[in-house]
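So you can see what is in the structure, the chains are spelled out below.
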Amino acid sequence: MNRCAPFSFYTERRLVLLTGRRARNLEELLKHLGEVSGACVFYHTHQQYLSHHFERPLFFNDFASWAGRALQERRLAEQLAAVDLLAHTTIRQVREEVIQILRARLEEPDGGVRACPPGDEFHFCESQSFIMPTGQVAEDVKNFFAKIAEVSNLCLFFHFFEARLRLGRPTNDFSQWLAYCGYDRLAWAIDALDPYAMTLGELQARIVQLGQQSGLA
Amino acid sequence: MASRADWLNVSGRLEQYEEILGRETVDELRLVADRVRDRRLQNINSTPVGGGVAEILTRMIPMLNELGVEASWDVIKGDQAFFDVTKAFHNALHGKVERVTPEMFDVYRATLEENLRTMDFNGDVILLHDPQPAGLIQRKQEIGRRWVWRCHIDVSAPQADVWEFLRPYVEQYDAAVFSMPEFSQQLSIPQYLVAPSIDPLSDKNKELEPEQVDRVLEKYGIDRERPLLIQISRFDRLKDPLGVIAAYRMVKKRQPCQLVLAGGGAPDDPEGEQVLREVQEAAAGDPDIHVLLLPPFSDLEINALVRASTVVFQKSLKEGFGLTVSEALWKRKPVIGGAVGGIKQQIIEGVTGFLVYSVEGAATRAAQLLADEQMRRTIGENGHLHVKQNFLLTRHVKDYMLIMLALEHPREHIVYLD
């Protein structure tokens, strides 16, 4: 087993900030989207993954949900939901793709004619994240896979979602550390997981499973 | 009967929360509390009893103290004229048309001047609740500290003159806190979203023995055998008690049932007595309508009444948040609520209850629920889980502690803590 520095698990707690901005139609959504912070775009493309749902939501992306539900723009909702967050390494890229989709819809003859019913406006929010160590430290890779089975959803969310897209790291923290420790194939396998296609619980189980398949868990 | 002072001295309860909510929830609280330990959080509001704010503070202060935050609670003083004015402000901020005169603004200013002279501002963070004490922010220039305005009411469509009167005060704060995204305004200060909460260990929400429930029903002459519809709220027009009576009358044509309208008064709500009289008049002649004006500290009785009910109404026309919904959901009761304010967050349509827009809607849903025990059970279980995950005191306390941290890191979207 390669020797490497221990891995410290971090977790996060979040507060939701209200921007006071609201949109009633696509034009307003587009206008605000060009002006809000990156934290706001991150919030509306990620917050659903941390929420409990009685039923799996149609779309995890708030822009898509709102377009489909409040504006009855179902085709647009599907297009917005199809924005591949894994294909982007910065929030700026995500924002640009969403804006492109909205612009294209607004250029169509019937684009932008619909307004939401009163009370169903889109409210732009953003989150403030407080990152702190959980106190759990993996001394080696075997110990890492033992610990990963115990960490909370918030810990997983930080190392997998927040670290990569919001903090601009090239991959998730786990893959980065495993590669550093010399476990390139395992690092690649974890990096290849699509966290946006599963719940956090499922993601955790898949990582543990990859560790088991490698004889490390 | 427990007094406010008794509650505020309660400690050693975190273990009890652990029993109900699991260790992870309490560990999470401690994790955040370690970062704000020994800081002073001073709460200021306008009434020591009655209404959601006083209830939350009664439960929150001991928990914060047990976690190591020095939390305290002060109440501003005001006469009847002041509370008449702030009630008008309250209605106007909710969007109800009120005639507000320059003299009323003078009464507000004069009362707060008086409080500024007598109140000791000792918090590192000073958290003022609702419009009544908002003007105390004038002291910030002199003493500094961090000031937060916590708005519990729906200000999504406020009457312009009242909001424009308050706005200059609000914008002097370091931050504002709202219960719903819809309530936020275009302000120059950060605005946080924090939903209010209920306490699962309070007398109003804790588990009761069946005999305790029976005793309360017997006391008020309520029949245990027939279905019971209930609305618990202050006697306030915005809670639409007359609409609830009208809905009940429609249901009763189809199914046997009784109705309880129960609530207390609050010293800062002078309109309550008049509304109570109107409700009593509307209910007159029907022995199956029980209008109960409950004194302060009737929480056990309210708990028993809700637990005895079949379906719960919260048919508000305007609502800040409507914690009575979470209280009922926690007890696994299906709730029919007006589609306003925070009720929309608590009731997931068809999952934890039903949102309605009319008397007819309320009656139709009540009749459906009375006829379908399985639906009541499923919705009740969902509601309990929804509250457990989103609307309990533990989450609320954690959010306030995070705000204390946030104030030390303004404009930082990601804050690293050791």
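Structure shown above.
The structure displayed is predicted, hence computed values, not measured ones. (Residues numbered from 1 in each chain as written. Chains lettered and ligands numbered in written order. Predicted model: local features only at pLDDT ≥ 70, side-chain atom pairs only at ≥ 80, totals over all residues. Heavy atoms only, no water.)

How would you sum up the overall build of chain B? Please name residues and give values.
Across its full length, chain B carries 17 helices and 13 strands. Over its C-alpha atoms chain B spans a radius of gyration of 21 Å, differing by no more than 12% from the 22 Å that the globule rule assigns to 418 residues. Taking the principal axes of the C-alpha coordinates as reference, chain B spans close to 65 × 55 × 40 Å. Across the 418 residues that make up chain B, the buried fraction comes to 60%. Put simply, 73% of the contacts in chain B that link residues at least 6 apart link residues at least 24 apart. Carbon and sulfur atoms make up 49% of the accessible area of chain B, which amounts to about 16,400 Å² in all. Positive and negative side-chain charges in chain B, numbering 49 and 62 respectively, have mean positions lying 2 Å apart. (Helix = DSSP H or I, 4+ residues; strand = E, 2+ residues; numbered from the N terminus. Rg over C-alpha atoms; globule rule 2.2 N^0.38 Å. Buried < 20%, exposed > 50% of the residue type's maximum accessible area, 1.4 Å probe, protein only. Contact = heavy atoms within 4.5 Å. Areas by Shrake-Rupley, 256 points an atom, 1.4 Å probe, with all protein chains shown as cover. Lys, Arg positive; Asp, Glu negative; His and termini not counted. Charge placed at Lys NZ, Arg CZ, Asp CG, Glu CD.)

Tell me about unusual backbone geometry, residues and numbers included.
Residue and element names in this part refer to chain B. Of note, Asp38 is a non-glycine position whose phi angle comes to about 70 degrees, a positive value. Non-glycine residue Arg145 carries a positive phi angle of around 75 degrees. Here Arg145 shows up in the loop between helix 7 (140-143) and strand 4 (146-151). Here Arg145 falls in the partly exposed class, since its relative accessible area comes to 34%.

For the pattern of salt bridges, give the residues involved together with the corresponding values.
Taken as a whole, this structure holds 46 salt bridges over all chains when the rule is applied. Ionic pairing is found between Asp120 of chain A and Arg69 of chain A, a salt bridge with its closest N-O pair at 2.8 Å. Taken together, the positions of Asp120 of chain A in the loop between helix 5 (91-107) and strand 2 (122-138) and Arg69 of chain A in helix 3 (residues 62-69) put the pair 51 residues apart, joining distant regions of the chain. A residue is classified by how much of its surface remains accessible, and Arg69 of chain A, at 48% relative accessible area, is partly exposed. A salt bridge links Arg226 of chain B to Asp288 of chain B; the shortest N-O distance between them is 2.8 Å. In this pair, Arg226 of chain B sits in the loop between helix 9 (210-219) and strand 7 (228-232) while Asp288 of chain B sits in the loop between helix 11 (272-283) and strand 9 (289-293), placing the two residues 62 residues apart along the sequence. (Salt bridge = Lys/Arg side-chain N within 4 Å of Asp/Glu carboxyl O.)

Could you give an account of the pairing of strand 7 of chain B, with specific residues and numbers?
All names here are of chain B. Strand 7 sits mainly inside the fold: five of its five residues count as buried. Covered by surrounding structure in strand 7 are Leu228, Ile230 and Ile232 together with Leu229 and Gln231, the residues of both alternating faces. When strand 7 meets strand 8 (residues 258-263), the two strands line up parallel, connected through five bridges. Counterpart to Gln231 in the pairing with strand 8 is Leu261. You can see the chain leave strand 7, run along helix 10 (residues 241-252) and come back into strand 8, and the turn it takes is right-handed. Bridge analysis of strand 7 against strand 10 (residues 311-314) gives three bridges, and the strand direction is parallel. (Pairing = 2+ DSSP bridges. Right-handed = clockwise from strand over helix to strand, strands pointing away.)

Now, about the interface of chain A and chain B: what can you tell me, with residues and values included?
Chain A puts 31 residues into the contact, and the matching count from chain B is 38 residues. Each partner contributes to the roughly 2,800 Å² buried at the junction of chain A and chain B, and carbon and sulfur atoms together form 64% of this total. Counting across the chain A and chain B interface gives one salt bridge. In this structure, Arg13 of chain A and Glu28 of chain B form a salt bridge, with 3.0 Å as the shortest nitrogen-oxygen distance. The interface formed by chain A and chain B contains 13 residue pairs in polar contact (both at pLDDT 80 or more). No other element matches strand 1 (residues 7-23) of chain A, which puts eleven residues into the side of chain A that touches chain B. For the side of chain A that touches chain B, the residue count by class is twelve nonpolar, eleven polar and eight charged. Of the strand pairs in this sheet, strand 1 of chain A and strand 6 (residues 191-193) of chain B are connected by three bridges, and their pairing is antiparallel. Across the sheet, residue Leu17 of chain A finds its bridge partner in strand 6 of chain B, namely Tyr192 of chain B. (Buried area = accessible area lost by both parts, 1.4 Å probe. Polar contact = N/O pair within 3.5 Å; in protein donor to acceptor, adjacent residues only side chain to side chain. Nonpolar A, V, L, I, M, F, W, Y, C, P; charged D, E, K, R; others polar.)

Tell me about helix 9 (residues 184-191) of chain A, and name the residues and values.
All names here are of chain A. The set of residues buried in helix 9 consists of Leu186, Ala187, Ala189 and Ile190. Here the buried residues of helix 9 occupy an arc of 160 degrees about the axis, which is enough to place them on one side. Exposed and facing more than 90 degrees away from the buried side of helix 9 are Arg185 and Trp188. Turning to helix 9, the residues buried within the fold contact helix 6 (141-148), helix 7 (153-166), helix 8 (173-180) and helix 10 (200-213). (Arc of directions from axis to C-beta.)

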